[in-house]
Each structure stands twice: as C-alpha cells, then as structure tokens.
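This is what each chain is made of:
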Amino acid sequence: MVPTGGDRGVPRPASTDVARLAGVSQKTVSRVMRGEPHVRPEVREKVLLAAQQLRYRPNAAARSLTSGRTGRIGVVALDARLYGPSTLLVAAEAAARRLGYATIAAHTGEDDTHALAGPIERLLEQGVDGIILPEDIDEGPIAVTIDVPVLTMGRFHSVSAPRRIEAAERADRSGYVATRHLIDLGHTEIRHLAGPDRWWAARDRADGWRSALTDAGLPVVEPIEGGWTCEGGYEAGLRLAEDAAMTAVFVANDEMAIGLIRALHENGLRVPDDVSVVAMDDIPAARFLNPALTTIVHDLDAMAAEGVALLVEEIAAPTATGRRMHLGEPVLAVRESTAPPRRAATTHSQESS
C-alpha cells in the first residue's frame, strides 16, 4: 500500500519512500527537494513524480535548519491584470515548482506608491531564498538592501543587488525587429503607440522603434502613449487616425493594437490596406483577430524556465562571476495586419497647399 499520510494511523511518507519509488538514493531526493543544480532533468522529473504520487512534502522547518534556506522564491507581480506580467507570474511559479521551490507573490499596481520597494521588502521579511522581478518601473533608486539572488526579466535601473541575474541581450531589440519589418515592407511614415513612459519596457520598445527609423534615415514623430489597454489603444488610435501621412504603426503590446484597429476602422481606415499594424506579446487572441495580428512572440514559458533555473543555481551555489539569461533574437509572427503600403503618404503640408 502506498502511504499517503492523510489517513489516521498511516505514517507520513518519508524521503526514503520517495527514493525507493524513484529508484534513486535518499541523497538524490534531498538534492532535488533543495533545488540544487547538476541533477539530470530525467532524474529530477522521476523524483518529483514519485513525491507527487506519495503526496510527500519535505519538512520545511527541518530543511531550513539544515540548509539555511526556506525553499521559497518571491515574485513581485506588477499589475498582474496585464497579459505579460500575469503570464510570467504563472510560468515562473510552474518553473519553480518543477525545481522543488514554492513561490510567494507580492501583488502591486503600477500607480502604487513605492510599487516595487514595498513588495520587495515584504518578501525579504518572509525569508525568501531569491526574488523574481518580471517588470520594472521608474520610481527612482530602490532603497532596499537585497541580500538574496535576484532574477530580473528586463532592464532594471532602480534595483541594486550583488547577486543579480539578467538578460544578456539588448532590451530594445524587439521594438527594432518589429519596426524593421515595416521598413522592409516599404513603409516610410511609421508611428509608435507606446506603453506608459514610467515602465522601462515601454521605453525600451520605443528606443528600438526610434533606432530602426534613425538607421534607415526615416522621420521620427513623437510617440503617442496608450496605457497598455484596449481602451488606451482606442483613444490613441482616434488621434493617430488624423495623421494623413501615417501608413504603419508599431504598437507596444497586442491589447493596445486591438483598440487601435477599432479606432482606425471607425475612421474609415482599413488594416492593412491603409495602415499596417505590428505589435508585441502574441496574446492567445492575436491570431484570431480580423485581420490576424502580426506581432513579436515572447516565449514566456521558456524565459521563466531558463531564468528560474539560473536563480536556483545561484541560490544553491553562489558565484562571483554572475549569471546571464540568453533570450536570443526576437521572433516575429507575420500575419495579416501588415503589408506593403498601398497608398502614397500625404503630408499635412501638402494637404494644406
């Protein structure tokens, strides 16, 4: 009979039971449960499956006493209503669980005072072994001493931590690739519908757009801010629809692109016949829109898996050299919302003459 520990009189399963079922040593079970690196993936999966079948839960208090670690990773969820932050939160939790770690989320909104500093402080007070920061906003330097490893998914200017894992690639590449696609199609009047300027991710995407236009010798018209939402995209789209020269728009996320396309349609502009639209995130609805949305694909599950694995390695074996995530070149899913320009761009000065 498989012990479950849930019935009266049935002993709680021990690590030796897990080792016996998985066909490994008790030491290997302990290494997996502590999230230590250098355990073969197939062995780790076998141990975790055996633990799940037995409903085995390691004694957190005992593990903390012997290892000095709690087995918990904190995640700062900045405005988890948005697709990117919420998806990264779920992916990070799944990746941590596979490595034997629990996650604690500290939720906050972008308009909160000390939106990052407060949650980080709360997580540190709970004794987490590491912290994940999926998004960053500009609230000035964070006056919090972070003495545990930190995984940052983007460009974090406000966070100072001695054991920090960050992406090796330039954060503006996605905006550059998306805009370059429009340039390669022949567009010369390309506008940008930006996210809130307080978010570093919004600034990075705008920087990529601006760099692509500058490299191509094309005019740069100041972006319009849309607020990450469909409503914000719609309101900005009503303003963009008045731009007679515009033939294409790079949008900082898919939700704003949905609102933008609606506003353009209401003003008699067809996508992509009159205006091409490219966005970012590849939300589940993107390929079902009419027209299907051309967008940068972010493999958030892969990002979280790589980042969390590096974080767990740093927790178990600190290094002075630092660890870097390698996200690779952004991937563009080309669909129906972009096409070569089918009408000549008309400047306002030409219209008024």
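Right, let's walk through the structure included here. (Residues numbered from 1 in each chain as written. Predicted model: local features only at pLDDT ≥ 70, side-chain atom pairs only at ≥ 80, totals over all residues. Heavy atoms only, no water.)

## Some words on the packing of aromatic side chains
Then, in step 1: Within this structure, the stated rule accounts for 1 aromatic pair.
Then, in step 2: Taking NZ or CZ as reference, Arg-203 lies 4.3 Å from the ring centre of Trp-200, over its face. (Phe/Tyr/Trp six-rings, centres within 6.5 Å; stacked < 30°, edge-to-face > 60°. Lys NZ or Arg CZ within 6 Å of the ring centre and 35° of its normal.)

## What about the nonpolar core?
What tends to happen in soluble globular proteins is that the nonpolar side chains get buried as a cluster.
Then, in step 1: Core analysis: the biggest nonpolar cluster contains 42 residues, and Ile-131, Leu-193, Val-249, Val-251, Leu-260, Leu-264 and Val-277 have the highest contact counts within it.
Then, in step 2: Listing elements by their share of this core, those giving two or more residues are strand E1 (72-78), strand E2 (102-108), helix H6 (117-125), strand E3 (130-133), helix H9 (230-240), strand E8 (248-251), helix H10 (254-266) and strand E9 (276-281).
Then, in step 3: Here this core takes 5 residues from H10, the largest share from any one element.
Then, in step 4: The contacts of Leu-260, once residues within four sequence positions are left out, are Leu-193, Gly-233, Tyr-234, Gly-237, Leu-240, Val-249, Val-251 and Val-277.
Then, in step 5: Within the second largest apolar cluster, 22 residues are counted, among which are Ala-95, Ala-96, Val-312 and Ile-315. (Core = buried A, V, L, I, M, F, W, Y, C linked by side-chain atoms within 4.5 Å. Buried < 20%, exposed > 50% of the residue type's maximum accessible area, 1.4 Å probe, protein only. Helix = DSSP H or I, 4+ residues; strand = E, 2+ residues; numbered from the N terminus. Contact = heavy atoms within 4.5 Å.)

## Re the sheet that holds strand E4 (residues 150-152)
Consider a sheet: its strands pair through backbone hydrogen bonds, and that pairing is either parallel or antiparallel.
Then, in step 1: Pairing within the open sheet is parallel, and its 6 strands lie in the order E2-E1-E3-E4-E5-E11. Edge positions in the open sheet fall to E2 and strand E11 (324-325), since each of these has one partner strand only.
Then, in step 2: In the packing of helix H5 (residues 83-98) onto the sheet, contacts are made with E1, E2 and E3, and the angle to E2 comes to roughly 165 degrees.
Then, in step 3: Of the strands in this sheet, E1, E2 and E3 are in contact with H6, which crosses E2 at around 150 degrees. (Pairing = 2+ DSSP bridges. Axes fitted to C-alpha atoms, helices over the stretch in contact; angles between N-to-C directions.)

## Digging into the packing of helix H1 (residues 15-22) against helix H3 (residues 41-54)
Packed helices, taken two at a time, are described by the angle between their axes plus the distance between the axes.
Then, in step 1: Closest axis-to-axis distance for the H1/H3 pair is 9 Å, and the angle between their directions is 120 degrees. Judged by the angle between their axes, H1 and H3 are oblique. Judged by the sense of rotation from one axis to the other, the crossing of H1 with H3 is right-handed. The segment H1 lies against H3, with Asp-17, Val-18, Leu-21 and Ala-22 engaging Lys-46, Val-47, Ala-50, Ala-51, Gln-53 and Leu-54.
Then, in step 2: Taken together, the residues of the contact of H1 with H3 break down into 7 nonpolar, 1 polar and 2 charged. (Parallel < 35°, antiparallel > 145°, perpendicular 65-115°, else oblique. Left-handed = near helix turned anticlockwise from the far one by under 90°. Nonpolar A, V, L, I, M, F, W, Y, C, P; charged D, E, K, R; others polar.)

## Here's the deal with the pattern of salt bridges
Then, in step 1: Under the criterion given, the structure shown has 17 salt bridges.
Then, in step 2: Here Glu-266 and Arg-262 are joined by a salt bridge, their closest N and O atoms 3.0 Å apart. Here the residue Glu-266 and the residue Arg-262 both occupy positions in helix H10, the gap between them amounting to 4 residues, near one helical turn.
Then, in step 3: Residue classification places Glu-266 among the partly exposed residues on the basis of a relative accessible area of 41%.
Then, in step 4: On the basis of relative accessibility, which here comes to 51%, the residue Arg-262 falls in the exposed class.
Then, in step 5: As a salt-bridge pair, Arg-335 and Asp-282 come within 3.1 Å of each other at their nearest N and O atoms. Here Asp-282 lies in the loop between E9 and strand E10 (294-297) and Arg-335 lies in the loop between strand E12 (331-333) and helix H12 (348-352), a separation of 53 residues in the sequence.
Then, in step 6: Taken together, the shared-partner salt bridges connect Arg-270, Asp-273, Asp-274 and Arg-342 into one network. (Salt bridge = Lys/Arg side-chain N within 4 Å of Asp/Glu carboxyl O.)

## A few points about the side chain of Thr-338
Then, in step 1: With respect to the helices, strands and loops of the structure, Thr-338 is situated in the loop between E12 and H12.
Then, in step 2: Taking the relative accessible area as the measure of exposure, Thr-338 reaches 9% and is therefore buried.
Then, in step 3: A polar atom in the side chain of Thr-338 sits 3.0 Å from the side chain of Thr-294.
Then, in step 4: Leaving out residues up to four positions away in the same chain, Thr-338 has contacts with His-181, Leu-182, Leu-185, Pro-272, Ser-276, Val-277, Val-278 and Thr-294. (Polar contact = N/O pair within 3.5 Å; in protein donor to acceptor, adjacent residues only side chain to side chain.)

## Structural notes on the packing of H9 against H10
Then, in step 1: Closest axis-to-axis distance for the H9/H10 pair is 6 Å, and the angle between their directions is 40 degrees. Considering their axes alone, H9 and H10 lie oblique with respect to each other. Considering only the axes of H9 and H10, their crossing is right-handed. Contacts between H9 and H10 involve Cys-230, Gly-233, Tyr-234, Gly-237, Leu-238 and Leu-240 on the former and, on the latter, Glu-255, Met-256, Ile-258, Gly-259, Leu-260, Arg-262, Ala-263, Leu-264 and Glu-266.
Then, in step 2: Split into classes, the residues belonging to the contact of H9 with H10 amount to 9 nonpolar, 3 polar and 3 charged.

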